[in-house]
Amino acid sequence: NEAATTLPAGDMVRLAPRGIANMKAAGAEIATPDQAEVLARIPGILTSLSVRAGDTVQKGQRIGMIVDSRIGYETSAYGAQAAAAQAEAARANADLARIRDLYEHGVYAKARLDQAVAAAHAADAQVAAARAQQGASASVAGQGAVIAPASGRVLRADIPAGAPVAPGMSIATVTAGPPVLRLMLPESVAGQVRLGARVIVDDPTLNEGGQNNAGVPSGSHQGSVTQVYPAITGGQVRVDATLPGLSTQFVGRRVSASVEIGTRKALVVPRQFVTTSYGIDQVQVVSADKPLSTGRVQIAPPADPAMVEILSGMSAGDTLFAPAKAARP
C-alpha cells in the first residue's frame, strides 16, 4: 500500500465489530444476607444496654438486661406456697408413720392406712407443683437477659436504658453473615443476569485492603454475582454480588456499579489509538486518497481498561493509525 509506506512508524488497526461484555450501570448497596433482630422476651424496664451502633458482638453475648419487678413478687409468692406445701407434706408423712405403726399393732384397719398413704402422696405432689411454679417464675425472670442472636456488627441500638419494653419489641439489629453488594436492576434485564457474572464497582475506598483487582480500571474493584432473587418487586429484581475484602464498616452505603448482562457487538480499539485534545477525542485515519487525516469520535470505556469503544465518528472497515512512542534516552 503506497499510503502506508508514507506513514511514520506506528501501529494500524482495521475497525471490525467484536463481541464485548455488555455492562449495565446500576446502584449498589453494601448489605448483609440477613439481619438479626434482638427482641425483648419479657415485659419490663430495660435497665442496661451495653452496646451501641457500630460495636461488634458475638453470638450468645449478653448485651442488656430487662427487669420486671412483678416477676420477683410472683417468684416470692410461689416460694411461700412451696414452703407451705412442704410443711403440709411433713405433717402428712408424720401421720402416715403413726398410722402405719398403729395398723401393724391392729388398731387401725387397712382402709385407714391406705387413706393416710394417699394423703402423704398428695402432699408430696403439692410440694413438687409449688416448686415447679417457683422455678418457672424464676426462669421467666432469667429471660430478661438480652442476648445477641448472631455474630456481627450492631447496626441499630437506639432504645435508651430505663425505657419500658414489651415482648417482641426490637431492641437492636445485628448484621448476620459476610457483607455483599446488593443491586436493584430493572426487570427488563432480569433474564440476562447470570450467576458468576462480573460486577465492577468504581470506588477506591470500598475495600478494606484498598487493593484493585487485576483487569479493571484504577480505583475500581471487581466481584461476581452470587444470587439472583426470583421475585420482582416494583419493577426491579434484586441481585447479590460478592467483592473480595468488602468491609461491613458502612452497611447501607450506596456505591455505583456495573453488572455484566451478556455480550454485544462493538467497535473496540486499544486506548493508544485515541487522543484527547481540549476535551475532544480524536483518531488518525488512514485512507486510500489521503495518507493520514484526523477524525472526531465519541468513546466509552468498556470493561477492559486497556481498550476504548468507539460509539460514533468511525465505522467498520476504517483503518486507524497510532504513531509509535519515542523511546526515552
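Provided above is the structure to which this section pertains.
Residues numbered from 1 in each chain as written. Predicted model: local features only at pLDDT ≥ 70, side-chain atom pairs only at ≥ 80, totals over all residues. Heavy atoms only, no water.

(A) Summary view of unusual backbone geometry. Phi at Tyr278 takes a positive value of approximately 55 degrees, unusual for a residue other than glycine. Judged by relative accessible area, which is 84%, Tyr278 ranks as exposed. (Buried < 20%, exposed > 50% of the residue type's maximum accessible area, 1.4 Å probe, protein only.)

(B) Local environment of the environment of Ala128. Relative to the helices and strands, Ala128 resides in helix 3 (residues 110–142). By relative accessible area, which is 48% here, Ala128 ends up partly exposed. (Helix = DSSP H or I, 4+ residues; strand = E, 2+ residues; numbered from the N terminus.)

(C) Representation of the packing of helix 2 (residues 69–104) against helix 3. At a closest axis distance of 8 Å, the pairing of helix 2 and helix 3 adopts a crossing angle of 165 degrees. Relative to helix 3, the element helix 2 is oriented roughly antiparallel. Relative to helix 3, helix 2 is oriented so that their crossing is left-handed. Looking at side-chain class alone, the contact of helix 2 with helix 3 contains 20 nonpolar, nine polar and seven charged residues. (Axes fitted to C-alpha atoms, helices over the stretch in contact; angles between N-to-C directions. Parallel < 35°, antiparallel > 145°, perpendicular 65-115°, else oblique. Left-handed = near helix turned anticlockwise from the far one by under 90°. Nonpolar A, V, L, I, M, F, W, Y, C, P; charged D, E, K, R; others polar.)

(D) Geometry of the sheet that holds strand 4 (residues 44–49). In spatial order, the strands read 7-6-4-9; together these four strands make up an open sheet with antiparallel pairing. The open sheet has two edge strands, strand 7 (145–147) and strand 9 (164–165), and neither has a second partner. Pairing between strand 4 and strand 9: two bridges, direction antiparallel. Within strand 9, the position partnered with Ile45 by the bridge is Pro164. (Pairing = 2+ DSSP bridges.)

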